[in-house]
Amino acid sequence: MTASAHTKPQSQKHLHPYHLGASLYMPATRQDIWQVICREKLPTLNSVIICFEDAVNSADVDMALQQLQTLLTTWATHSTNLSERPLVFIRPRHPQMLQQLADFTDIELIDGFVLPKIDMNSLSQWRIACQYISDKQLLMPTLETAPLFQPLHNQDLAIALKEAFTQPIFALRIGGNDLFSVLRLRRPHQHHIYDTPIGTLIYQLLGCFVPHGFYLTAPVFEYLEQPTLFMQELSTDVSLGLVGKTVIHPNQIALVQQAYAVPNHVLDEAQAILHSDAKAVFKYNNSMLEPATHRIWATQIIERAEVFGTC
């Protein structure tokens, strides 16, 4: 690999959803979140999501909120010395908590918010809550509820999301475990997600939301003793154009970055397609290239290579 996302400061003007890379959910009760942000720990992590929802018991919410304010104060004190860091998002428990977080001192340091359990039933509440946060902060709604199994609902949601928020929607997250729960299932131990009903749903979600301009991220893989199966799933994630993957352990970070690195011959083809002198149709690397139809793909390959490098 010749480059990686963690070498790019977050102050850069150009930020692509591929910069999410490996996203680690950290319970907001964790004591070492600042060490991750300033790269004392997990120095190659692409993005971190501070979670107040499923990862925090209701009895611990007040303590977690206090810790967040302490974290923000520490961050503000050291911000001038923080040239490189992962992207940082917060997943609030519900819309009312997001409205509460909007009043936290230095909350503008956060890159954005993950909005859990977004569907047509909850969208209006999240829309109202987002009116209290900065228009510059990024949103990542999560698709993880029962209505997502209804294609007509998803068409309505795709259209509604384009108009609901003044903030940019950076990506849509696919909540795999919650979607399994809707079907009274858990991910099978010996199969990747594309061998399950949730894999079928992912294809449907891509067909619904991507044509409306959205990027989607890949669900978590929770079996740490199955690295080969994890890489097989990652291969499909990448081939489908999913822009990042949730990780649950530091050992998964490098595997995600490895999977997203662009093969040199693929980058060569993308550059040939985008070359100003490219013919309408031409042969390259024993393949037919057609800039009129391959240009969008080629642009995404360039973006991916800039973040993850080549292999």
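Above this text you will find the structure in question.
So, a few notes on the structure that sits alongside this text. (Residues numbered from 1 in each chain as written. Predicted model: local features only at pLDDT ≥ 70, side-chain atom pairs only at ≥ 80, totals over all residues. Heavy atoms only, no water.)

Across its full length, the chain holds 11 helices and 10 strands. Summarising its shape, the C-alpha atoms of the chain cover approximately 60 × 45 × 40 Å along the three principal directions. In the chain, which comprises 311 residues, the proportion classed as buried is 52%. Contacts in the chain between residues far apart in sequence, at least 24 positions, make up 76% of those at least 6 positions apart. Counting 21 positive and 28 negative side-chain charges, the chain places the averaged centre of each group 3 Å from the other. (Helix = DSSP H or I, 4+ residues; strand = E, 2+ residues; numbered from the N terminus. Buried < 20%, exposed > 50% of the residue type's maximum accessible area, 1.4 Å probe, protein only. Contact = heavy atoms within 4.5 Å. Lys, Arg positive; Asp, Glu negative; His and termini not counted. Charge placed at Lys NZ, Arg CZ, Asp CG, Glu CD.)

For the rest of this paragraph, the subject is the nonpolar core. Within the largest apolar cluster, 81 residues are counted, with the highest numbers of intra-cluster contacts made by L161, F165 and F209. Beyond its immediate chain neighbours, meaning those up to four positions away, F209 contacts L143, N154, L157, A158, L161, L172, F214 and L216. Listed in part, the 11 residues of the second largest apolar core include V266, L267, F282 and I301. (Core = buried A, V, L, I, M, F, W, Y, C linked by side-chain atoms within 4.5 Å.)

Right, let's get into helix α11 (residues 291–308). The end-to-end C-alpha distance of α11 is 24 Å, a good match for the 26 Å that 18 residues give at a rise of 1.5 Å each. Of all bends in α11, the biggest is about 30 degrees, found at W297. Along α11, the positions that sit buried rather than exposed are P291, A298, Q300, I301, E303, R304, A305, V307 and F308. In the core, the buried residues of α11 are packed alongside β1 (21–27), α8 (227–239), α9 (251–260), α10 (264–274), β9 (282–284) and β10 (287–289). Of the residues flanking the end of α11, it is G309, one or two places downstream, whose phi is positive at about 80 degrees. (Expected span 1.5 Å × (residues − 1). Bend = angle between axes of the 7 residues up to and from the residue.)

Now for the sheet that holds strand β5 (residues 138–143). If you trace the eight strands from one edge of the open sheet to the other, you get β7-β6-β5-β4-β3-β2-β1-β8, paired in parallel fashion. Both outer strands of the open sheet, β7 (216–217) and β8 (244–247), are each paired with one neighbouring strand and no more. For β5 and strand β6 (residues 172–174), the ladder comprises two bridges, and the chain directions are parallel. When the bridges of β6 are listed, T142 appears paired with R173. Packing of α9 onto the sheet brings it into contact with β1 and β8, and relative to β8 it is tilted by some 170 degrees. (Pairing = 2+ DSSP bridges. Axes fitted to C-alpha atoms, helices over the stretch in contact; angles between N-to-C directions.)

Attention now moves to a nonpolar patch on the surface. A surface patch of nonpolar side chains, amounting to about 200 Å² of accessible area, comprises V182, L183 and L185. Since its relative accessible area comes to 42%, L185 is described here as partly exposed. (Patch = residues over 30% accessible without salt bridge, like charges linked within 9 Å, V, L, I, M, F, W, Y side chains within 5 Å. Areas by Shrake-Rupley, 256 points an atom, 1.4 Å probe, with all protein chains shown as cover. Salt bridge = Lys/Arg side-chain N within 4 Å of Asp/Glu carboxyl O.)

Residues Q252, I253, V256, Q257, A259 and Y260 constitute the buried set of α9. Each buried residue of α9 sits inside an arc of 160 degrees when the element is viewed along its axis, so together they form one side. Elements that come into contact with the buried residues of α9 comprise β1, α8, β8 and α11. (Arc of directions from axis to C-beta.)

What follows concerns the state of the cysteines. Taken as a whole and assessed by the stated rule, the structure comprises zero disulfides. C130 takes part in no disulfide bond, and the closest cysteine sulfur to it belongs to C51, at a distance of 16 Å. The class of C130 is buried, set by a relative accessible area of 2%. (Disulfide = S-S within 2.5 Å.)

As a further point, take the packing of aromatic side chains. Counted by the stated rule, this structure contains eight aromatic pairs. Measuring from centroid to centroid gives 6.4 Å for Y18 and F308, while their planes differ by 90 degrees, and the two rings are edge-to-face. Of this pair, Y18 sits in the segment before β1 while F308 sits in helix α11; the two residues are 290 residues apart in sequence, bridging distant segments of the chain. Accessibility classification places Y18 together with F308 in one group, the buried group. (Phe/Tyr/Trp six-rings, centres within 6.5 Å; stacked < 30°, edge-to-face > 60°.)

A few words now on unusual backbone geometry. Despite not being glycine, R39 has its phi angle at roughly 70 degrees, a positive value. Secondary-structure assignment places R39 in the loop between α1 (33–37) and β2 (47–51). For N286, which is not glycine, the phi torsion reads 65 degrees and is therefore positive. Along the chain, the position of N286 falls in the loop between β9 and β10. When its relative accessible area of 67% is taken as the criterion, N286 is described as exposed.

Contact geometry of α8 with α9 gives a least axis separation of 9 Å together with a crossing angle of 40 degrees. Viewed along their axes, α8 and α9 adopt a mutual orientation that is oblique. As for how α8 packs across α9, the hand of that crossing is right-handed. For the pair formed by α8 and α9, the contact residues are F230, M231, L234, D237 and V238 on the first element and Q252, L255, V256, Q258, A259 and Y260 on the second. (Parallel < 35°, antiparallel > 145°, perpendicular 65-115°, else oblique. Left-handed = near helix turned anticlockwise from the far one by under 90°.)

Once that is clear, we can look at the side chain of Q137. Tracing the chain through its elements places Q137 in the loop between α4 (123–130) and β5. When neighbours within four sequence positions are excluded, Q137 is seen to be in contact with I107, E108, I110, D111, G112, F113, Q167 and P168.

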